[in-house]
Amino acid sequence: MIRRVDAQHAPGGTPVAFSPERQQSTSQTGPEPWRVIVEAAVDSASSERIERLEAALNGAAPLLLVLCDDGTTARADAAPPAAAIAARLHCNYQGVSFGDADQLVKALSEIKQSGRSTLLYIDTRASRAPSPHFEPPPDRSLALIGDDSIRNVAAGALAALARSDARIAAVSTDADAALEAAWDDLPERVHCVDSGVSYALTWCAGLAAGGSRPFMFLSCDEALDNLGQIRREICESRAGVTLIMESPSAPGDSARRGSAQLAGVRQLPHTALLSPKDSTELEQLLAWCAIQEDPAIVWLPEAREPQVSWPRGRDVVLGRAEVLGQGRDVAIVAWGPSAAAAAMAAESLSGDGVGATVVNARFAEPLDVRTILRVAQSASSVVVVDDMVQTGGFAGWVVEQLLREGITRPLTIVTPPPSANRSRPHDAHHLCALSIVERCRWLAEPACEPPAGPDRPNVPIVVGQRAVYPAWFTAPTAAAQCVADVQQQVLAQQVSPFIRHWIEQYEKVGQRDVYLWRWCLHGLELTTLSCVAPELRGQVRDTKLLAVMYGVMLDDIADQAGSRDFLNELTKIIAEEGDGDFSTFARAHQDYARFTGELWHACKSRLKALPCYDAYAELLGYDHRQILNTFDYSYLVNRHPQMLNVQEHDMYLPHNMQMMSFATMDLMASPGFDPNETGKLREVIWHAQSMGRIGNLVSTWQREIPDRDFTSGVFAHALRQGDLTPDDLRLAPPQAIEAAILRGDHESYFLHKWEAHRRCIQALAPCLRSVDAGKLMTALEHLIQMELSSRGLK
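Residues numbered from 1 in each chain as written. Predicted model: local features only at pLDDT ≥ 70, side-chain atom pairs only at ≥ 80, totals over all residues. Heavy atoms only, no water.

Peer 1: Requested: an account of the pattern of salt bridges, with residues and values cited.
Peer 2: With the rule as written, the count across this model stands at 24 salt bridges. Between Arg167 and Asp165 there is a salt bridge, with the nearest N and O atoms lying 3.1 Å from each other. Judged by relative accessible area, which is 31%, Arg167 ranks as partly exposed. When its relative accessible area of 18% is taken as the criterion, Asp165 is described as buried. Linking Lys775 and Glu438 is a salt bridge whose minimum nitrogen-to-oxygen distance equals 4.0 Å. On the criterion of sequence distance, the pair formed by Lys775 in helix 29 (residues 773–788) and Glu438 in helix 14 (residues 425–440) is long-range, its members being 337 residues apart. We classify Glu438 as partly exposed; its relative accessible area is 43%. Salt bridges sharing common partners tie together Lys277, Glu281, Glu322 and Arg362. (Salt bridge = Lys/Arg side-chain N within 4 Å of Asp/Glu carboxyl O. Buried < 20%, exposed > 50% of the residue type's maximum accessible area, 1.4 Å probe, protein only. Helix = DSSP H or I, 4+ residues; strand = E, 2+ residues; numbered from the N terminus.)

Peer 1: Any chance you could break down the environment of Phe673 for me, citing the residues and the numbers?
Peer 2: Relative to the elements of secondary structure, Phe673 occurs in the loop between helix 23 (659–668) and helix 24 (678–704). Judged by its relative accessible area of 5%, Phe673 is buried. Note: C-alpha distance between Phe673 and Ser530 (143 residues apart in sequence) is 9.8 Å. Excluding its chain neighbours within four sequence positions, the residues that come into contact with Phe673 are Cys531, Tyr616, Leu667, Thr678, Leu681, Ser770 and Val771. (Contact = heavy atoms within 4.5 Å.)

Peer 1: Describe helix 19 (residues 564–574), with residues and values.
Peer 2: Taken residue by residue, helix 19 has Phe566, Leu567, Glu569, Leu570, Thr571, Ile573 and Ile574 as its buried positions. Positive phi appears at Glu576, one or two residues downstream of helix 19, with a value of about 60 degrees.

Peer 1: Would you mind going over the side chain of Arg693 in detail, with residue names and values included?
Peer 2: Following the sequence through the fold, Arg693 ends up in helix 24. Despite being buried, Arg693 has no salt bridge partner; Glu704 is the closest side chain of opposite charge, sitting 5.9 Å away. Apart from residues no more than four positions distant in its own chain, Arg693 is found in contact with His649, Leu653, Pro654, Asn656, Met657, Thr711, Ser712 and Gly713. (Lys, Arg positive; Asp, Glu negative; His and termini not counted.)

Peer 1: So what about the pairing of strand 17 (residues 411–414)? Which residues, and what values?
Peer 2: Residues Leu411 and Ile413 of strand 17 are buried on one face, and the alternating residues Thr412 and Val414, pointing to the opposite face, are buried as well. Across four bridges, strand 16 (residues 381–385) lies against strand 17 in parallel orientation. In the strand pairing of strand 17, Val385 is matched with Val414. In this fold, the crossover linking strand 16 to strand 17 by way of helix 13 (residues 394–404) has right-handed handedness. (Pairing = 2+ DSSP bridges. Right-handed = clockwise from strand over helix to strand, strands pointing away.)

Peer 1: Account for the packing of helix 21 (residues 613–639) against helix 23, with residues named and values stated.
Peer 2: Axis separation between helix 21 and helix 23 bottoms out at 9 Å; the angle between their running directions is 170 degrees. One finds that helix 21 runs roughly antiparallel with respect to helix 23. The segment helix 21 lies against helix 23, with Tyr613, Tyr616, Ala617, Leu619, Leu620, Asp623, His624 and Ile627 engaging Met660, Ser661, Thr664, Met665, Leu667 and Met668. For the contact of helix 21 with helix 23, the residue count by class is 10 nonpolar, three polar and one charged. (Axes fitted to C-alpha atoms, helices over the stretch in contact; angles between N-to-C directions. Parallel < 35°, antiparallel > 145°, perpendicular 65-115°, else oblique. Nonpolar A, V, L, I, M, F, W, Y, C, P; charged D, E, K, R; others polar.)

Right, here's the structure in full:
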């Protein structure tokens, strides 16, 4: 609704916009109506008219000032740029061309949504390029100038410092409305070097040599284009110059806003690189720069102030980070405005009982490695927040230092999603905060915590004469309860009607207990990759259970040394070499084969419905061939036990866990996954699959002895160590074979290998951005406890 503008508020005394319903407006309820002034751009040139507009802006209702430029007085000396007028009025600014109706409607919609007084500049000239007054200068944030412009804050803070320190001067390469407005009482201390950036930098070096403390505004591109001159004239000479570097403000330049573009800047000698988390800290950083003898660069990656604020922080000290809050569960490290996302995430996590410590780095050079390392070592997990997906930025600098120091905590890098609207920083921070919370949610999951006490020995994994004691495992006093809890979690696993149907069909042909399928569902839920689209997680989990079921069907046949022909026909189904010929087999075998085929076709049909199926179909085919190779190997070693050896066990048998193929299925449901990380992810999953195999073998080898199934690695290791012979495997009583395995403590060998694989994942985790490897590692720790809690049950 538009309310008529009173004549006393309109320049020239003429009301220019009104609503026919004005008489009814005073009785209406709801949002305060907008006041609109429309006039020619030339009419706004005088100081008197601008003062009247300032008076109009003091009203309660928001004001829309529309300046129309028909080109009749489009000379640089005839009227100030519309953006400069907006800066003086301290209101928002928008500029559009009259011929572009879509652009005009979009601008009006954004203005209405903002609810803030705005100057709308409309170029009404026909068939002409926009005048120099149409848009603010390139690489400047004038188009965003308003009460929440970070440039306004910087200009005002510098002006306040300059009033108490005669050495401070401001340097710019063009007419800067923000500086002119803030420094209106100090015009002699504002230097406009319109001959170019190179001359302005030389001017700054000269001012510093004369005892002044110059602060120069320039864009990031301008700084990078003149990096050599900055190094020679300012950094190497240790001139007391502060460069206030701004990122591009145009939406199309968003890819260049990230900290990765500052890699070269960090290499400048004797130069501090800082970025403020909010306007209050910006004032602190500028005040610190003003008293330094060496050069400094203050990076302003966003044009608007963050919508998260903190009390004034501690005094700025060179290379010293700021710690915001304390929590023992996760350390979140951020720099600059990204601290807003970290703070929002910490607040949300606290509601889930997850304590977070937020580190505001303040300095990217020198980086406060000591504080970051101390906080990281005291937390269970580390999250580093970066502003862009590109590598080589702030997250890379932090991770490099943590790796150098040997940090072993799960570490995750989080960035705003590529789809985030960079023109709305608060929205980007909110989406980034959601990503942090999602990556840290596992910390809130219930776990079997040992009771508090000074001496808490770890429970042995191996129940036998000897044992290994991993530091992460459960205390003895809680072991029995933990086993019961895990079993209860498995039994409580919800089964969808779709899966219930397949379990019922399986029971007609197979012998496995229903506990196995509930156990697998629970494990699949834990190990599903974090990159899977949330709405597809349930579908992918159930599909993978079908794959588990047809894997079990083939594995049970492979473990029977006398069923080679039947196994060959079954594998043809999975290898897609036809449906197999089962006409010569008994009716029970035919039913078994029919059900295996139905499982396979149902699984593949569901996979084809996933959004990224085509991209990974070839890779999934390769993974399935490795699984079939495992069944061939299992058949051979059960038929010829003398073939058993640890090396081939570790090479072939882990594929029986299907975790490589499951990861490929997850990628089929992960539109946001970066395909360039496929190799890194598969290396992580290889170690995870080996860990899964170890967990499986230590929980099942005892029940496999009566069936003369010796594919478990403990038998191969016992042969290597001489505790068993191939003849023992063929002829010895099951009790004697079990006693030999326990006496030789052969489980411990594989559990030590489990820990080695875990360390490999820890080392690889920082290389992955699309997947939370720390969450996967925690799932694998839970998975082996599930295995050990399920001995004899699956």
